[in-house]
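Commentary on secondary and tertiary structure
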Amino acid sequence: MPQSQFGTIEVFEDFLGFDPDKSWATGQFNVGNVFVTSVNEGSIENTVDEPGGIVAFTSDTGDNDNVAIFAGPFKAADGPLVMEARFKYSNVDCAIFVGWTETLAVDTPVMPAEFATATMTYNGTGSIAGFNYDVDGTTDDFRAVFADAGAALTGNGAAANGTRANATLTADNWFIARVEVDPNGAARAYFGDQTSAPMKLIASCTGGLSTSTVFFPCLMLENRSGNARVLEVDYFYAKGY
């Protein structure tokens, strides 16, 4: 098979150099090098009181309204995948997913994993590797999650109801998530916040993720009450082959 210097594919959006100040209706659109979609409309605004290029995505006001930032698709069988994002939320009353998901409806996106009381539910019909935060849980935290075909992958730190990152959960606090998927279906999830630098390996799975199908790197916020919520994003990165 012919080889080329362009075998590596990457997307990196640092939100520098443009002012997206706008509202959006439902449907998919671009912000720089990434796609955005949502349930119901919202708005986008530059954050001008912090350096480095930050964009605030504000959801609509209904319960379970959301916004999803994504790119791709990428295929793990072609080479290892990595995605990383730095972000924060305006209020802890929300849910977050960040990582890789095989299932992503670009017209009405659904959280790949949701946590309520003490149980993680995997909504994605394909493979999932990433982090979930959900205020519907009894104990709030970011949790590393791995699943395939709606069933959790466990072992080597991975747990059916997620593995806690023990993050400091404060509104307007920066978080960084990095999720890697190997060609053999293994994956690792790293997490850090302003009180735990550098990032730490939270959990991994030794296999079980689908590698022959495609994945989307995704960062998603969803309301958990009838209030608009803001997802501020510093950067979004993904790499594949």
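For the structure, see preceding data.
Below is a short write-up of the structure. Treat the numbers as computed from the prediction; the structure is a model and nothing was measured.

1. Some points on the environment of E180
- With respect to the element layout, E180 can be found in strand β17 (residues 175-181).
- Owing to a relative accessible area of 14%, E180 belongs among the buried residues under this scheme.
- Once residues within four sequence positions are removed from consideration, E180 is found in contact with L81, V82, A186, A187, R188 and Y190.
- Within the structure, E180 has its side chain in polar contact with the side chain of R178 (distance 3.0 Å).
- For E180, the side chain forms a polar contact with the side chain of R188, separated by 2.9 Å.

2. Quick notes on unusual backbone geometry
- Residue G72 is joined to P73 through a cis peptide bond whose omega torsion reads 10°.
- Following the sequence through the fold, P73 ends up in the loop between β7 (66-70) and β8 (74-75).
- Unlike most non-glycine residues, D172 shows phi in positive territory, near 65°.
- Tracing the chain through its elements places D172 in the loop between β16 (163-164) and β17.
- Given the relative accessible area of 48%, D172 is considered partly exposed.

3. Some remarks on the pattern of salt bridges
- Following the criterion strictly, the structure yields 14 salt bridges and no others.
- The partner of D134 in a salt bridge is R224, with the nearest N and O atoms 3.0 Å apart. With D134 in strand β13 (residues 128-134) and R224 in the loop between β20 (214-223) and β21 (230-240), the pair connects residues that are 90 residues apart, well separated along the chain.
- On the basis of relative accessible area, D134 is assigned to the buried category, the value being 2%.
- R224 is paired through a salt bridge with D136; the nearest N and O atoms lie 3.3 Å apart. With R224 in the loop between β20 and β21 and D136 in the loop between β13 and β14 (142-148), this pair connects stretches of sequence that are 88 residues apart.
- The exposure class of R224 is buried, given its relative accessible area of 11%.
- Overlapping salt bridges bring together E84, R178, E180, D182 and R188 as one network.

4. Observations concerning the pairing of strand β11 (residues 113-116)
- Taking every second residue as pointing to the same face, the buried face of β11 carries A113 and F115, while none of E114 and A116 on the other face is buried.
- Taken together, the four bridges between β11 and strand β12 (residues 119-122) define a ladder with antiparallel strand orientation. Considered in β12, the bridge of A116 is made with T119.
- Linking β11 back to β12 in an antiparallel pair, the connection comprises two residues, with T117 at a positive phi of about 60°.

5. Comments concerning the nonpolar core
- Counting 51 residues, the largest nonpolar core has F87 and F142 as its most contacted members.
- A total of five residues in this core trace back to one element, the largest contributor, which is strand β9 (residues 81-89).

6. Observations concerning the packing of aromatic side chains
- Tallying each qualifying case throughout the model produces 16 aromatic pairs.
- Taking the centre distance of 5.0 Å and the plane angle of 50° together, the rings of F131 and F191 count as tilted. Placement of F131 in strand β13 and of F191 in strand β18 (residues 187-193) is noted, with a sequence separation of 60 residues between them. Just as F131 is buried, F191 falls in that class too.
- Joined through ring pairs, the aromatic side chains of F87, Y89, F131, Y133, F142, F175 and F191 make up one cluster.
- Positioned above the aromatic ring of W174 is the side chain of R86, whose terminal nitrogen or guanidinium carbon lies 4.2 Å from the ring centre.

Rules used throughout
- Along each chain, residues carry numbers from 1 onward, in the same order as the chain's sequence is written.
- Only residues with pLDDT of at least 70 get local features here, since the model is predicted, and only at 80 or more are side-chain atom pairs given and counted; chain-wide, interface and lining totals rely on the full set of residues.
- Side-chain metrics in this entry use all non-hydrogen atoms of the structure; hydrogen atoms and water are not considered.
- Counting from the N terminus, the helices are DSSP H or I runs at least four residues long and the strands are E runs at least two residues long.
- When a residue's accessible area, from a 1.4 Å probe over protein chains only, is under 20% of the maximum for its type it is buried; when over 50% it is exposed; and in between it is partly exposed.
- In this description, contact between two residues means that some pair of their heavy atoms is separated by no more than 4.5 Å.
- What qualifies as a polar contact is a pair of N or O atoms within 3.5 Å, subject to a donor-acceptor requirement within protein and to the restriction that residues adjacent in sequence count only when both atoms come from side chains.
- Salt bridges, as used here, are contacts in which a Lys or Arg side-chain nitrogen is within 4 Å of a carboxyl oxygen on Asp or Glu.
- Strands are labelled as partners when DSSP assigns at least two bridges between them.
- Grouping buried Ala, Val, Leu, Ile, Met, Phe, Trp, Tyr and Cys residues that are joined through side-chain atoms within 4.5 Å yields what is termed a nonpolar core.
- Paired rings are identified among Phe, Tyr and Trp, the last through its six-membered ring, by centres lying within 6.5 Å, and are further divided according to the angle between planes into stacked (under 30 degrees), edge-to-face (over 60) and tilted (the rest).
- Charge over a ring is defined by NZ of Lys or CZ of Arg lying within 6 Å of the ring centre and within 35 degrees of the ring normal.

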